Amino acid sequence: MLARLHLAGFAKLLVYLRPYWKGMAISVSSGTFHHLFAIAGTALAAYLVGLAATGGGREQIWPFLPVLALLVTLRVIMYFTDMYVAHEVAFRILVEFRIKIYQAVERVAPAYLLNMRSGQLASTLMADTEVLEWFFAHTAGSFLVAVLVSLVTLVMLGLVHWLLPLAVLPWMIVLFSVPFWLRTRADRQGRDTRDKLAEINSEAVDGVQGLREILCIGYSKKNENYWQGRSGSYSKHILGEMNSFKKDAWTELIDEHRPPGKPLKVLDIGTGPGFFALLLSGMGHRVTAIDCTDNMLAEAENNVRAAGYQVEFYNMDSHQLDFAGGTFDLIICRNLTWTLRDPIKDALARLEQAGIPVLFVDFYMEPMTNSTKSMLLLGEIMGEKQRAQEIVDFYNDQVDVVYSRLAGINGNKPDVYIECASKGPDDYGISYGNVGWGSIVTKAGGNNIAEPPLGEKSEALSPEYLVDNSPDIIILTGRHWSTPGSLRLGYVTSPDEARSSMEPFIRRPGWNTIDAVKNNRNG
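The text that follows walks through the structure, step by step, so that each part is easy to find. (Residues numbered from 1 in each chain as written. Predicted model: local features only at pLDDT ≥ 70, side-chain atom pairs only at ≥ 80, totals over all residues. Heavy atoms only, no water.)

### As for the overall build of the protein chain
Move 1: Counting its secondary structure elements, the protein chain contains 20 helices and 9 strands.
Move 2: The contacts of the protein chain with a sequence gap of at least 6 include a subset with a gap of at least 24, amounting to 66%.
Move 3: Summed over its atoms, the accessible surface of the protein chain is roughly 32500 Å², and 61% of this surface lies on carbon and sulfur atoms. (Helix = DSSP H or I, 4+ residues; strand = E, 2+ residues; numbered from the N terminus. Contact = heavy atoms within 4.5 Å. Areas by Shrake-Rupley, 256 points an atom, 1.4 Å probe, with all protein chains shown as cover.)

### As for the nonpolar core
Move 1: One finds F276, L280, V311 and F313 to be the most contacted residues of the largest nonpolar core, which totals 21 residues.
Move 2: Taken together, the elements giving at least two residues each to this core come down to α9 (211-242), α11 (275-282), β2 (286-291) and α12 (294-307).
Move 3: The greatest single-element share of this core, amounting to 6 residues, is contributed by α11.
Move 4: In this structure V311 touches A277, S281, V287, A289 and V304, once residues within four positions along its chain are discounted.
Move 5: Counting residues in each nonpolar core, the second largest holds 18 residues, with I449, L461, L476 and V517 among its members. (Core = buried A, V, L, I, M, F, W, Y, C linked by side-chain atoms within 4.5 Å. Buried < 20%, exposed > 50% of the residue type's maximum accessible area, 1.4 Å probe, protein only.)

### Some points on the packing of aromatic side chains
Any pair of aromatic rings gets described here by the distance separating the centres and the angle formed by the planes.
Move 1: Applying the stated criterion to the full structure yields 8 aromatic pairs.
Move 2: Between F323 and F328 the ring centres are 5.1 Å apart and the planes differ by 85°, which places this aromatic pair in the edge-to-face class.
Move 3: Residue F323 is classed as partly exposed on the basis of its relative accessible area, which comes to 25%.
Move 4: Here the aromatic residues W250, F275 and F276 are joined through ring pairs into a cluster of three or more. (Phe/Tyr/Trp six-rings, centres within 6.5 Å; stacked < 30°, edge-to-face > 60°.)

### A closer look at the environment of T513
Move 1: Looking at where T513 falls in the secondary structure, it is placed in the loop between α19 (495-506) and α20 (515-518).
Move 2: Judged by its relative accessible area of 41%, T513 is partly exposed.
Move 3: A C-alpha to C-alpha distance of 9.4 Å links T513 and D468, two positions 45 residues apart in sequence.
Move 4: Setting aside its immediate chain neighbours within four residues, T513 contacts V467, S470 and K518.
Move 5: One polar contact links the side chain of T513 to the main-chain carbonyl oxygen of G510, over a distance of 2.6 Å. (Polar contact = N/O pair within 3.5 Å; in protein donor to acceptor, adjacent residues only side chain to side chain.)

### A closer look at a nonpolar patch on the surface
Move 1: Taken together, the side chains of L359, V361, F363, L377, I381 and M382 present a nonpolar region at the surface, about 490 Å² in accessible area.
Move 2: Relative to the assigned elements, I381 resides in helix α14 (residues 367-381). (Patch = residues over 30% accessible without salt bridge, like charges linked within 9 Å, V, L, I, M, F, W, Y side chains within 5 Å. Salt bridge = Lys/Arg side-chain N within 4 Å of Asp/Glu carboxyl O.)

### Describing the pairing of strand β9 (residues 473-477)
Move 1: Buried residues dominate β9, accounting for 4 of its 5 residues.
Move 2: Summarising the sheet, strand β5 (residues 415-420) and β9 pair through 5 bridges and their orientation is parallel. Residue pairing across strands places I418 opposite I475, the latter belonging to β9. (Pairing = 2+ DSSP bridges.)

### A short note on the pattern of salt bridges
Move 1: Summed over all chains, the structure comprises 8 salt bridges.
Move 2: K246 is the salt-bridge partner of E241, the closest N and O atoms lying 2.9 Å from each other.
Move 3: A salt bridge links R479 to E241, with the shortest nitrogen-to-oxygen separation between them at 3.4 Å. Residue R479 is found in the loop between β9 and α19, and its partner E241 is found in helix α9; the two are separated by 238 residues along the sequence.
Move 4: Since its relative accessible area comes to 31%, R479 is described here as partly exposed.
Move 5: We classify E241 as buried; its relative accessible area is 5%.
Move 6: One salt-bridge network, in which partners are shared between bridges, spans E241, K246 and R479.

### What about the sheet that holds strand β1 (residues 265-269)?
Move 1: What the 4 strands build is an open sheet, ordered β3-β2-β1-β4; its pairing is parallel. Where the open sheet ends on each side, the last strands, each with one partner, are β3 (312-315) and β4 (330-332). Direction aside, neighbouring strands of the sheet carry axes that sit 20° apart on average.
Move 2: Inspection of the sheet shows β1 paired to β2 by 5 bridges, in the parallel sense. Residue pairing for β2: K265 is matched across the bridge by R286.
Move 3: Those strands touched by α12 are β2 and β3, and its axis lies near 175° from that of β3. (Axes fitted to C-alpha atoms, helices over the stretch in contact; angles between N-to-C directions.)

Structure representation (structure tokens):
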């Protein structure tokens, strides 16, 4: 009964070979010739050895050597053809098997029904699938080759003498019967091996599945440490913004779009030193503010207390808000999404669940592609389409001027280094690969020296790398930073203040050897 089941399973598996019969025909043919050439080569070699042992001369042996070399070469060619085609067919069939397995798992959720870990389930299923590779690549074709080679061998022996096939046939029968009378032991060993492999592989699969969480935890810790260290300087920066045009601009924007009526219950996510906590409290709203760093919360509490306001502060991960739905009338944040592990996914999941329309604008990551699109979108939602179009037209006109001038320039592209000079001259700020300001450098006809080491990232380059590459042009970006020693630029910065804040950067160690500094092409 068991034998019939094995034969029935064998027959069912052979059905999957039908669409690939041409490949299997090539595999079986090349496998058959591989063995026949091996037999012929062995027989010829034995003949030559016997010829030499019985005193045969060179003139008798040499004519057969090219034939022997040809047989060996053909055997090698047939062997690799057999292996290549057999595995090609096997892995094409395995693709179909894997798709069907995963579709079945998705429908019936066997990880739950069998009380298995997902890694163990996937590993077990894939282990069984890998066994099929042995069948299609190493068993089905090899079985047919063995039958054909045996038949050809018997025929060739019969041509020599009719008793030779009869002498060999019993041993062939014994050889063919080995898989059947050892089948039970082989099945047991196979099951034990697959179970052990499933257990081992499950640890690997479950480990890979947990990598995202591990990486996220590591990212969160790194992010937290960064902002813990920046709390003091960032607090000074925020207080500076509260005394700038930004306070009135944000107040006007929030009043324009806030729900009308009584004061609102507001959640400020990622409050930092408390910009929105201060602003919205001053507007008469009840504010709850969260942040993931104790130092930032301490700065925010001090700033709010000094202003005479009351705000509820919580140390909380912005990815896992611990508030019931409908608690707040307004949720607000800024300078936050770039610190999230997966900002688009996290933001969309929450906002779509609340039925809130989402608009993404980008003036930073891909400025040459998205700036004009973002401006037009802002104009549309704020009812300022004409003004937005005027800004876009002006932008395009200026860009066209740059491109027209670039078209008339021949020669080598200048090497350019660009740095966000926010940390002061003692610490190198971030530079840009093929992103943000770095992409603008490339579009403007420069060779961005940060792109090879950074790719699509933004990180600080080492001083050694900068000095070694000696760029032709250095560009430092700035704003009205609160960090001592940072490059001061912007609406409220005078030209003299901007130049004086840049001088310490130019005097950095080793910069006097850089071509841009020697030729006064920095700014």
